[in-house]
Amino acid sequence: MRALFFLTLAVLLRLLREGLVVRAMAWPGLLASLALVGTASAYAAWGTTPDVYVSAPELVAPLQQDGFRVYVVEDPEPLLLSGQATRAIWREGDMYVLGRTWGGRATHRAESVLRDAAGDRWRLEIPPLEARPGDVRNQAALLAGIIALLFTLYGVVMGAGTLYRDRSNGALEAELALPVPVWMHASARMLALGAVLGPALAVSLLVVDSLMTIDNLALWLMVGSSAALAGGAVGFAMMARGSAEKGFSGPLSRALTTTMALMALGWWQPGFGRFLPLTSLGAFMHGGRPSLSIGLAALLAVVLVTADFRN
C-alpha cells in the first residue's frame, strides 16, 4: 500500500502542476459566485423600486404608498410603446388602462392599486413573499446540478488526459518498470483524480450554498462526487482500450458521448437512473431522489476499470 500511496502522490503532484487543471477547478465556484453577486447588486441598484408612468395625478399618492416611483407625464402610452417605460397608466374615456412590457409581481401590485383607486367590484390581493420562494429553491438546485455536471465532464477529460499524457511523455513506461502490480498504476490515477475533483466540487457547492441555500447539499455533494469519479473511470477506460498512436480525440469523444448518454437516460428515466452514479445526476436534476448506493457503485466502476487495465 505504500507503493500505491507514493504512486498516487506522484500523479497528484503532476496534476496540480498543470495550471490549466488548477484554473479549471477554481472557475465554476468563482464564476457562479460572481454571477450571483453581480445579479443581486444590479437588482439592488436598479430593481428594488419599480417605475410607473401615469397621466392621472390622483394615482400618484396610492402608487407611492405601495412603493412605486411615479412619473406624471401627459401621455405615457408612447413611452411604453417605445420601450422607455416598463409600466404606464393612462385614461381611455372613463376607464384606466394599465400597459406593461414586463410582467411579474410589481405589475400585479400596480393593477391592485389601480383597481382600488377605480373602485372596481373585485380587487387583487397580492400575498406576501415567502422568505424563500419555490422558484429560488429550484434555481439553486439547477445551479448545483450544472456545477456537478461540469465537474463530471472534467472527470471524463482528466481521466482520459492523464493516461494519454503519461503515455506520451514516457511517465507511464517508467512507472511500469517498478516492481508493483499493474493495477496500482490505474488505481493511483483514479485516487488522484478523486482527490482533485472531490474537494474542488465541495468548495464550489459551498460557495454557491453560502449565497443561495442549496437544499440537500450533502446529497448534491455525494451525487456530484460519484458522477465525477464515474466520469473519470469512463474516460480512463476509453483511453486505456485505445492506443497512443490513435490519438486523444477519438477515445475522448466516445467517453463524453457515453457519459452524456447515461446522464440523459437518468433524466428521462429517473426511476431507473437513481441507482447508478452517472444516471443519478440526471435523475436528481430532473427531481428524482438518488439512491444512497451510488457512492458504492462509483467505487465499483473504479475497481472494474483498474482491474481491466493492461496498459
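Now for a quick tour of the structure. (Residues numbered from 1 in each chain as written. Predicted model: local features only at pLDDT ≥ 70, side-chain atom pairs only at ≥ 80, totals over all residues. Heavy atoms only, no water.)

1. Regarding the overall build of the protein chain
When helices and strands are counted, the protein chain shows 13 helices and four strands. With respect to the three principal axes, the spread of C-alpha positions in the protein chain is 95 × 40 × 30 Å. Going through the 311 residues of the protein chain one by one, you find that 40% of them count as buried. Considering only contacts in the protein chain between residues 6 or more positions apart, those separated by 24 or more positions represent 61%. (Helix = DSSP H or I, 4+ residues; strand = E, 2+ residues; numbered from the N terminus. Buried < 20%, exposed > 50% of the residue type's maximum accessible area, 1.4 Å probe, protein only. Contact = heavy atoms within 4.5 Å.)

2. Remarks on the layout of surface pockets
When its volume is computed, the second largest pocket comes out at roughly 300 Å³. Lining the second largest pocket we find 13 residues, and of these Leu 20, Val 21, Val 157, Met 158 and Gly 161 sit closest to its centre. The element contributing the most residues to the lining of the second largest pocket is helix 6 (residues 134–168), with six residues. Residue composition of the lining of the second largest pocket, by class: nine nonpolar, two polar and two charged. (1 Å grid on protein atoms, 1.4 Å probe; cavity = no way out; pocket = protein on both sides within 12 Å on 5 of 7 lines; lining within 4 Å. Points joined across faces, edges and corners; volume = space filled by probe spheres on them. Nonpolar A, V, L, I, M, F, W, Y, C, P; charged D, E, K, R; others polar.)

3. Section: the pattern of salt bridges
Scanning the entire structure with this criterion turns up 12 salt bridges. Measuring nitrogen to oxygen at the nearest pair gives 2.9 Å for the salt bridge that ties Asp 120 to Arg 115. Assessed through its relative accessible area of 16%, Arg 115 is described here as buried. For Asp 166, the salt bridge identified is with Arg 165, shortest N-O distance 3.2 Å. (Salt bridge = Lys/Arg side-chain N within 4 Å of Asp/Glu carboxyl O.)

4. Details of helix 13 (residues 294–308)
With 15 residues, helix 13 ought to run about 21 Å at 1.5 Å a step, and its terminal C-alpha atoms sit 21 Å apart, in line with that. Within the span of helix 13, buried status applies to Ile 294, Ala 297, Ala 298, Val 302, Val 305 and Thr 306. Structurally, helix 13 contributes buried residues whose contacts are with helix 8 (183–211), helix 9 (217–241) and helix 12 (277–285). (Expected span 1.5 Å × (residues − 1).)

5. Let's talk about the packing of aromatic side chains
Considering all chains together, one arrives at five aromatic pairs under this definition. Aromatic pair Tyr 53 and Tyr 71: ring centres 4.9 Å apart, planes at 20 degrees, arrangement stacked. One end of the pair, Tyr 53, is in strand 1 (residues 51–54); the other, Tyr 71, is in strand 2 (residues 69–72), with 18 residues separating them in the sequence. We classify Tyr 71 as partly exposed; its relative accessible area is 31%. (Phe/Tyr/Trp six-rings, centres within 6.5 Å; stacked < 30°, edge-to-face > 60°.)

6. Some words on unusual backbone geometry
Positive phi outside glycine occurs at Asn 216, with the angle close to 60 degrees. Turning to its location among the elements, Asn 216 is positioned in the loop between helix 8 and helix 9. Overall, Asn 216 belongs to the partly exposed group, its relative accessible area being 39%.

7. Regarding the side chain of Thr 162
Relative to the helices and strands, Thr 162 is located in helix 6. Among the residues examined, Thr 162 registers a relative accessible area of 6% and is labelled buried. Within polar-contact distance, the side chain of Thr 162 engages the backbone oxygen of Gly 159 at 3.4 Å. (Polar contact = N/O pair within 3.5 Å; in protein donor to acceptor, adjacent residues only side chain to side chain.)

8. Let's talk about the packing of helix 8 against helix 9
Packing of helix 8 against helix 9 brings their axes to within 9 Å, and their N-to-C directions diverge by 145 degrees. Here helix 8 and helix 9 pass one another in a crossing that is right-handed. Every residue of helix 9 that contacts helix 8 at Ala 186, Arg 189, Met 190, Leu 193, Gly 194, Leu 197, Gly 198, Leu 201, Ala 202, Leu 205, Leu 206 and Asp 209 is listed here: Leu 217, Trp 220, Leu 221, Gly 224, Ser 225, Ala 228, Leu 229, Gly 232, Ala 233 and Phe 236. Among the residues forming the contact of helix 8 with helix 9, the class breakdown is 15 nonpolar, five polar and two charged. (Axes fitted to C-alpha atoms, helices over the stretch in contact; angles between N-to-C directions. Left-handed = near helix turned anticlockwise from the far one by under 90°.)

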